[in-house]
Amino acid sequence: MRLRHIPGAEEAIASSPYVIQEPESQKGCWDQIFGNSHPVEIEVGMGKGRFIMELALSHPDINYIGIERYSSVLLKALQKRSRLELSNIVFLCIDARDMADIFAPGEVSRIYLNFSDPWPKDRHAKRRLTSPAFLSVYEKILASEGQIEFKTDNQDLFDYSLESIPASGWEIQEYTRDLHKSLMVLGNVMTEYEAKFSALGKPICKLIACPPNRAGQD
Ligand code: SAM
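What comes next is a walk through the structure. The structure presented is a predicted model; accordingly, all values stated were derived computationally and were not measured.

About the thresholds
The residue count restarts for each chain, going from 1 along the sequence in the order it is written. Only residues with pLDDT of at least 70 get local features here, since the model is predicted, and only at 80 or more are side-chain atom pairs given and counted; chain-wide, interface and lining totals rely on the full set of residues. Note that water and hydrogens are dropped before the side-chain values are worked out from all heavy atoms of the structure. A run of H or I in DSSP counts as a helix once it spans at least four residues, and a run of E counts as a strand once it spans at least two, with each numbered from the N terminus. In this setup the radius of gyration rests on C-alpha atoms only. A globule is expected at 2.2 Å times the number of residues raised to 0.38. Note on terminology: disulfide denotes any pair of cysteine sulfur atoms within 2.5 Å. Think of it in three bands: residues with accessible area under 20% of the maximum for their type are buried, residues over 50% are exposed, and the middle band is partly exposed, with areas taken using a 1.4 Å probe on protein chains only. Here a residue counts as near a molecule or strand whenever at least one of its heavy atoms sits within 4 Å of it. Any N or O atom pair separated by 3.5 Å or less is treated as a polar contact, with the protein-specific requirement of one donor-capable and one acceptor-capable atom, and with residues adjacent in sequence counted only for side-chain atom pairs. Points on a 1 Å grid, built from protein atoms alone, make a cavity when a 1.4 Å probe fits but cannot get out and make a pocket when they are open with protein on both sides within 12 Å along at least 5 of 7 lines; residues with an atom within 4 Å of a point are the lining residues. A pocket or cavity is taken to hold a molecule when more than half of that molecule's atoms are within 2 Å of the pocket's grid points. Each residue is assigned to one of three groups, with Ala, Val, Leu, Ile, Met, Phe, Trp, Tyr, Cys and Pro labelled nonpolar, Asp, Glu, Lys and Arg labelled charged, and all others, Gly among them, labelled polar. As used throughout, domain bounds are those supplied by an automatic or database domain assignment. Grid points are joined across faces, edges and corners, and a volume is the space filled by probe spheres set on the points. One bridge is not enough; two strands pair if DSSP finds at least two bridges between them. To obtain each axis, a line is fitted to C-alpha atoms, and for helices this fit is confined to the stretch in contact; angles are then taken between N-to-C directions over 0 to 180 degrees. Between two residues, a contact is recorded if the distance between any of their heavy atoms is within 4.5 Å.

This paragraph deals with the overall build of the protein chain. Along the backbone of the protein chain there are seven helices and seven strands. In the protein chain, the order of α-helices and β-strands from amino to carboxyl end is α-α-β-α-β-α-β-β-α-β-α-β-α-β. Taken over the C-alpha trace, the protein chain has a radius of gyration of 17 Å; the compact-globule value for 218 residues is 17 Å, and the two agree within 12%. Dimensions of the protein chain along its principal axes, counting C-alpha atoms only, are 45 × 40 × 35 Å.

Next comes the structure, spelled out in structure tokens:
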């Protein structure tokens, strides 16, 4: 995602009714934000938000939280959001590594990681959203039946994830290296990056994984 500082972005986000300010204070009480106890699903690194807003429109019985760390990117999502009638989606302008301070254990049902930055250099591996450090954050907040869903066009990041996820004790339940030609495409919702890369003929990889068995710990 090309980043350009947009003057006024921080101020627009700080005053937006769609962005939860000081989200740490909502830990364990996200039901109150939505006014119901529907499952909560998160997209980490939602970019301009096409994917998560489309999900929110088609699943009114699920609550969605879009996470994006850059205000200039989130601003674009807010502009789109303001044109939609939705009561089941909010946004957070945070770094996803802080999610365990914001969500209580078991408070999240599903986490989507779509076209995450690949961070190809070894010394940046910890920044990859499927690195052991991030997996341990997801594990802390996911419900016992919770899952992550990860899509990317980047073969190296996908190969890395096919190793890092089981190495952290997670189970990869399903995966494909060509989503649009696989049965996993049923119900697929395209992201901005997915539309761009698949139009260029790039195959899209997808996996679904669940955290280590926590029987006896809940
Ligand atoms: N998910 C969108 C899509 O598929 O079209 C956007 C993909 S874009 C390549 C990745 C986005 O993730 C960027 O907007 C980036 O700022 C955000 N991001 C990356 N790491 C993040 C983190 N640790 N916390 C929050 N957002 C992050």
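Once the structure has been displayed, the description carries forward.
Scanning all chains against the criterion turns up zero disulfides. The thiol of C210 is unpaired, and the distance to the nearest cysteine sulfur, on C205, comes to 20 Å. Since its relative accessible area comes to 13%, C210 is described here as buried.

Right, let's get into the site of the ligand. G45, E68, A96, T191 and Y193 are the nearest of the 21 residues found near the ligand. For the ligand, a nitrogen atom lies 2.8 Å from a polar atom in the backbone of G45. Note that an oxygen atom of the ligand is positioned 2.9 Å from one of the backbone N or O atoms of Y193. Taking a 2 Å distance to the grid points as the criterion, the majority of the atoms of the ligand fall inside the largest pocket. Classifying every residue of the shell around the ligand by side-chain character gives 11 nonpolar, four polar and six charged. When residues of the shell around the ligand are assigned to domains, at least three map to each of domain 1 (1-104) and domain 2 (112-218).

Another point: the layout of surface pockets. Gaps left between atoms show up when a probe the size of a water molecule is rolled over them. Reported here for the largest pocket is a volume of approximately 620 Å³. Lining the largest pocket are 36 residues, and of these G45, E68, F115, S116 and D117 lie nearest its centre. The set of elements that each furnish at least two residues to the lining of the largest pocket consists of β1 (40-44), α3 (50-58) and α7 (192-199). The leading source of residues in the lining of the largest pocket is α7, at three residues. Estimated volume of the second largest pocket: approximately 230 Å³. Lining the second largest pocket are 16 residues; nearest its centre among them are E149, L186, G187, N188 and K206. Where the lining of the second largest pocket is concerned, the elements lending two or more residues are α3, β4 (108-114), β5 (142-152) and β7 (205-210). Partitioned by chemical class, the residues of the lining of the second largest pocket number eight nonpolar, five polar and three charged. Split by domain, the lining of the second largest pocket shows at least three residues from each of two domains, domain 1 (1-104) and domain 2 (112-218).

What follows is about the sheet that holds β5. The strand order β3-β2-β1-β4-β5-β7-β6 describes an open sheet built from seven strands, whose pairing is mixed. The open sheet is flanked by β3 (89-92) and β6 (171-176), the only strands paired with a single partner. Averaged over all pairs of adjacent strands, the angle between their axes in this sheet comes to 20°, without regard to strand direction. For β1 and strand β2 (residues 63-67), the ladder comprises five bridges, and the chain directions are parallel. The residue of β2 that forms the bridge with E41 is Y64. Against the sheet, α3 contacts β1, β2, β3, β4 and β5, and its axis sits at roughly 170° relative to β2. Contacting β5, β6 and β7, helix α6 (residues 155-167) crosses the sheet at an angle of about 15° to β7.

Worth remembering: the numbers are spatial, not functional.
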